[in-house]
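Each chain, written out:
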2 protein chains.
Amino acid sequence: MVHVFRALDDETRRLVLDELSVRDGQTLFEICSVLTMRHGLSLTRQAISQHLGVLESAGLVVTERRGRSKFHYFNPEPLAEITGRWPTRKRTEQ
Amino acid sequence: MVHVFRALDDETRRLVLDELSVRDGQTLFEICSVLTMRHGLSLTRQAISQHLGVLESAGLVVTERRGRSKFHYFNPEPLAEITGRWPTRKRTEQ
DNA sequence: ACTTTAGGCAAGGCGCGACTTGCATGTCAA
DNA sequence: TTGACATGCAAGTCGCGCCTTGCCTAAAGT
């Protein structure tokens, strides 16, 4: 089980979440190609796969397998832990 | 300049923000002792100092120096980057 | 059955971040 | 000014995370 904060501490994983926000339910290869085309990333398929594993372990991505394809969906629920941990207020006067 | 996501990817730094949320404007030694007492941490003063440096570099902590003391204040503003990056909606149907 | 396609598993390299140790700087009190 | 207090700087160790390479499993097409 990977912590949400650690999952978000990587620009590639954040870009993956960006992409899934635009178009949900993409496969590994689709994510690979769109990351290469639109963001100039040159990573191997395994690298992206490991990133997706981290995101899934953190609960930020849920998957569904159909045949030989695996579809990835963005799940924003764990983000609530971040927004709820600290009160969003202005700093107090000293 | 440290990224907000990286600054938050450390339980010690998150505890520091927790403590500053409870009582703002603490010095390095105060943070050290309260982390040791209340959270069972056994870190050196330098370790905590480096953590505070990361938080300050990320903009999550602002400081003010008076004499030989340095006071640390929690600044929640950078957290907006997290909450604003991804839409908080339920996942679409496939 | 054979090939192609989509993905998984495991080991290794490599760099960076967390932490420590030691010394230096600057401030306040007596 | 001398000593104690609060913090800063720098080098070094060590573990872990990111990425690659290589091989394997399984589903679909022909």
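Residues numbered from 1 in each chain as written. Chains lettered and ligands numbered in written order. Predicted model: local features only at pLDDT ≥ 70, side-chain atom pairs only at ≥ 80, totals over all residues. Heavy atoms only, no water.

Asker: What is the right way to read the interface of chain A and chain B from this model?
Answerer: By a widely used convention, the size of an interface equals the accessible area lost when the partners come together. Tallying the contact residues gives 32 residues for chain A and 32 residues for chain B. For the pair chain A and chain B, the summed buried surface comes to about 2,800 Å²; carbon and sulfur atoms form 54% of the total. Between Asp18(A) and Arg85(B) there is a salt bridge whose closest N-O contact spans 2.7 Å. Linking chain A with chain B are four residue pairs in polar contact (both at pLDDT 80 or more). Among the elements of the structure, α1 (4-8), α2 (11-22), β1 (61-66), β2 (69-74) and α5 (80-85) of chain A are those that each provide at least two residues to the side of chain A that touches chain B. Its residues placed into classes, the side of chain A that touches chain B shows 13 nonpolar, six polar and 13 charged. (Contact = heavy atoms within 4.5 Å. Buried area = accessible area lost by both parts, 1.4 Å probe. Salt bridge = Lys/Arg side-chain N within 4 Å of Asp/Glu carboxyl O. Polar contact = N/O pair within 3.5 Å; in protein donor to acceptor, adjacent residues only side chain to side chain. Helix = DSSP H or I, 4+ residues; strand = E, 2+ residues; numbered from the N terminus. Nonpolar A, V, L, I, M, F, W, Y, C, P; charged D, E, K, R; others polar.)

Asker: Please clarify how the environment of His39(B) should be interpreted in this entry.
Answerer: Position of His39(B) relative to the elements: it lies in helix α3 (residues 28-39). Considered as a pair, His39(B) and Asp24(B) are 15 residues apart in the sequence and their alpha carbons are 18 Å apart.

Asker: When you look at the pairing of strand β2 (residues 69-74) of chain B in this model, what are you seeing that I'm missing?
Answerer: Looking down a regular strand, the side chains alternate between one sheet face and the other. Residues and elements named next belong to chain B. Of the strand pairs in this sheet, strand β1 (residues 61-66) and β2 are connected by six bridges, and their pairing is antiparallel. Within the sheet, the bridge partner assigned to Glu64 lies in β2 and is Phe71. Remark: two residues form the turn of the hairpin made by β1 and β2, two consecutive strands paired antiparallel; Gly67 in that turn has positive phi of roughly 65°. (Pairing = 2+ DSSP bridges.)

Asker: What am I meant to see in the relation of the copies chain A and chain B here?
Answerer: Mapping one chain copy onto the other needs a rotation about an axis and a shift along that axis. For the pair chain A and chain B, the best superposition has an RMSD of 0.0 Å and corresponds to a rotation of 180° with a translation of 0.0 Å parallel to the axis. What the superposition gives is, in effect, a two-fold axis relating one chain to the other. An overlap of 100% is found between the interface residues of chain A and their copies at the interface of chain B, pointing to a shared contact surface. (Least-squares fit on C-alpha atoms with pLDDT ≥ 70 in both.)

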